[in-house]
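Read off the chains here:
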Amino acid sequence: MTSKRMTDAQTAAVNQVEGDLAISAGAGSGKTTVLAHRFATAMSTTANASWAPAAVDQILTITFTKKAERVRRVVNTEVSREAGRRVGEAWISTFHTFCGRLVRRHLLESGVEPGFLQLDEVGAASIAAEAFEAACAGLYEEDEDTRRLIDRWGASTLNAAISAAHENVRAMGLSPAEIKVPNDNAGLAELLAKSIEAAVVYSAELAEVKQTPSVAERAAGLSSWCDAMSVCPIDDDLCARIQERAAEGGTLRMKSSAARDDYRCAREALEMATAAVADPGLYSAMERLLRAYAEQYSAIKQQRGALDFDDLQERAVSLLTDHPGVAEQYRSRFRMLMVDEFQDTNDLQMRVLNPLRDDNLCIVGDERQSIYGFRYADVKVFERIRTELGKAIELAENFRSHPGVMSVVNEMFSMPHLFDPRFMKLAAGRTAGWKLQMAAEAPRVECLLVGLDAVNIEAAREVEAEHIAKRVAELVSEGELHGEDIAILLRSGGRASLYARALERCGIPVLVSAGASLYDARETGEILS
């Protein structure tokens, strides 16, 4: 997309290269295009900025995806091929890569050995497991309350809870010495809210699996627990109420999933905190174990000359905070700071950015898309900084979806009693150029109503699969579509094979890309046989 075809909002965001700016970007609104053109505009002699033009290494772009090639193509067109060739020198990277680059440039000031080992997630997890084992061994023999804690919850459960708490505290920009176990109603209420939220997601997943008696029983218990806890008063009896219903709403012994694991971890954290509130001895033991784990984790990394992702960010914060000259060097270098997917940013990462800010920060994001909890991201950071910046541009035109689809989405998600009232209505920014051509009068959204006569949920899934398969077969036989034009999206992949079999019975070839591991997939089995 060239600047001549941009919307007014995109053009405004591209041209405002000087000063702070917040961009709220709806799904499919062309934010990557805006970032790339904003980069090119800053390098242009015609940029509306007192410092124009910026050199390619005077723009810091933080992104979670690979955008350097997109920037290079735009700079080639908008500035020059020579400038485009130099994009490889630009500061375009993730937070972790940027911090690693800073630390390597200033090893002495960062207090880091030149040959340090940068841990990936697997390496960090291995050291974390070793640190937990050492922490437990050191405390188990000498502390009765620690023995009670470990014997009650088991090493595996405690390991997951304590390592998660440690990572969360570091993502908040706090030191391990500041780790505190929730020991009051406010802390319990926060953990309870997280448990209920995770339970709702897990309940939806349970509805998708085969409804055996044990699944039905567990789903009913989970629903009962959610209903009771959702209206639980936050008062002096909160701890007792949580303990009374602790046996309800457990997880099933089934294949691990993100929803199941998130719910299990949330419930375990809640129950451990509740036990700690009720028993001061366990509370003290948990805090001692947390601190011992943090000390062991740090000591093992130091022995091996290793740094994890958060270490790189923490070292960068110390470098920029403790050495004002270094901070000034980069603050005067960078004409613009641009942060993509800002809703996935945490407090520690903001502490990296703050010393570099000089009325030059541009954040791009959408709090409604903050659904991943990426590296302990906190959407409140986005909301706080957006309010602080004051200047905001909203990108509300969607260039991915057909206008017929957009109208239905807008109508459905604008119902405040069903969805978040902050929903941004998106206008259709594209009306032509679709690869798949359909008759103009053909509906872009269909709702298939399946009549069910007192059947169980498993039978209902089969009926639904048959209806979908028959409708797909009709579209293919009418010549409207080919099989490769159709994708069926499911809430979870656990029942994908049910829909695949229904399609195959209707003569439609299927490729299943969910619901099985590589070695369990049917296609793999056919090759191996």
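Look up a bit, the structure's there.
Keep in mind that this is a model prediction, so the values were computed, not measured. (Residues numbered from 1 in each chain as written. Predicted model: local features only at pLDDT ≥ 70, side-chain atom pairs only at ≥ 80, totals over all residues. Heavy atoms only, no water.)

Caption draft 1: Local environment of the nonpolar core. Core analysis: the biggest nonpolar cluster contains 35 residues, and Leu60, Phe98, Phe342, Ile363 and Ile385 have the highest contact counts within it. Looking at this core, the elements that each hand over two or more residues are strand S2 (59-62), helix H5 (95-105), helix H15 (309-322), helix H16 (324-333), strand S6 (336-339), helix H17 (347-353), strand S7 (361-365) and helix H18 (379-389). Aside from chain neighbours lying at most four places away, what touches Ile385 is Phe342, Met350, Arg357, Leu361 and Ile363. In terms of nonpolar packing, the next biggest core, distinct from the first, is built from 33 residues, Leu21, Ala40, Ile59 and Met338 among them. (Core = buried A, V, L, I, M, F, W, Y, C linked by side-chain atoms within 4.5 Å. Buried < 20%, exposed > 50% of the residue type's maximum accessible area, 1.4 Å probe, protein only. Helix = DSSP H or I, 4+ residues; strand = E, 2+ residues; numbered from the N terminus. Contact = heavy atoms within 4.5 Å.)

Caption draft 2: Broad picture of the side chain of Thr345. Examined against the element boundaries, Thr345 turns out to sit in the loop between S6 and H17. There is a polar contact of 3.1 Å between the side chain of Thr345 and the backbone oxygen of Phe342. (Polar contact = N/O pair within 3.5 Å; in protein donor to acceptor, adjacent residues only side chain to side chain.)

Caption draft 3: Examining the pairing of strand S1 (residues 21-25) more closely. With 5 of 5 residues buried, S1 lies mostly within the body of the structure. Residue alternation in S1 divides its side chains into two sets, Leu21, Ile23 and Ala25 and Ala22 and Ser24, and both sets are buried. Bridge count between S1 and S7: 4 bridges; the pairing is parallel. Counted as the bridge partner of Leu21 is Cys362 from S7. (Pairing = 2+ DSSP bridges.)

Caption draft 4: Structural context of unusual backbone geometry. Here the residue pair Ala52 and Pro53 is connected by a cis peptide bond, since its omega of -5 degrees sits within 30 degrees of zero. Phi at Glu341 is positive, roughly 50 degrees, even though this residue is not glycine. Positive phi, normally seen in glycine, also occurs at Asp359, with a value near 55 degrees. Note on placement: Asp359 falls in the loop between H17 and S7. Relative accessible area serves as the criterion here: at 47%, Asp359 is assigned to the partly exposed category.

Caption draft 5: Structural context of the pattern of salt bridges. Throughout the structure, instances matching the rule amount to 24 salt bridges. Look at the salt bridges and you will find they share partners, linking Arg170, Lys301, Asp308, Asp311 and Glu314 into a network. (Salt bridge = Lys/Arg side-chain N within 4 Å of Asp/Glu carboxyl O.)

Caption draft 6: Quick peek at the packing of aromatic side chains. Tallied over the entire structure, the rule returns 7 aromatic pairs. Here the aromatic rings of Trp91 and Phe334 are separated by 5.4 Å at their centres, their planes lie at 80 degrees, and the arrangement is edge-to-face. Pair noted here: Trp91 is in strand S3 (residues 91-93) and Phe334 is in the loop between H16 and S6, with a separation of 243 residues, a long-range link. Just as Trp91 is buried, Phe334 falls in that class too. Centre to centre, the rings of Tyr293 and Tyr297 are 6.0 Å apart; their planes meet at 10 degrees, and the pair counts as stacked. Linking Tyr293 with Tyr297, this pair stays in helix H14 (residues 280-303), spanning 4 residues, or about one helical turn. Classification of Tyr293 as buried rests on a relative accessible area of 2%. Residue classification places Tyr297 among the buried residues on the basis of a relative accessible area of 6%. Among the aromatic residues, those joined into a ring-pair cluster are Trp91, Phe98, Tyr330 and Phe334. Here the basic side chain of Arg101 rests over the ring of Trp91, its NZ or CZ set 3.7 Å away from the ring centre. (Phe/Tyr/Trp six-rings, centres within 6.5 Å; stacked < 30°, edge-to-face > 60°. Lys NZ or Arg CZ within 6 Å of the ring centre and 35° of its normal.)

Caption draft 7: Representation of the pairing of S7 within the structure. By the criterion of burial, S7 is predominantly enclosed, with 5 of the 5 residues buried. The side-chain alternation of S7 yields two buried faces, one formed by Leu361, Ile363 and Gly365 and the other by Cys362 and Val364. Sheet analysis places S6 next to S7, joined by 3 bridges and oriented parallel. Following the sheet pairing, Met338 is matched in S7 by Cys362. As a crossover connection, the stretch from S6 through H17 into S7 is right-handed. (Right-handed = clockwise from strand over helix to strand, strands pointing away.)

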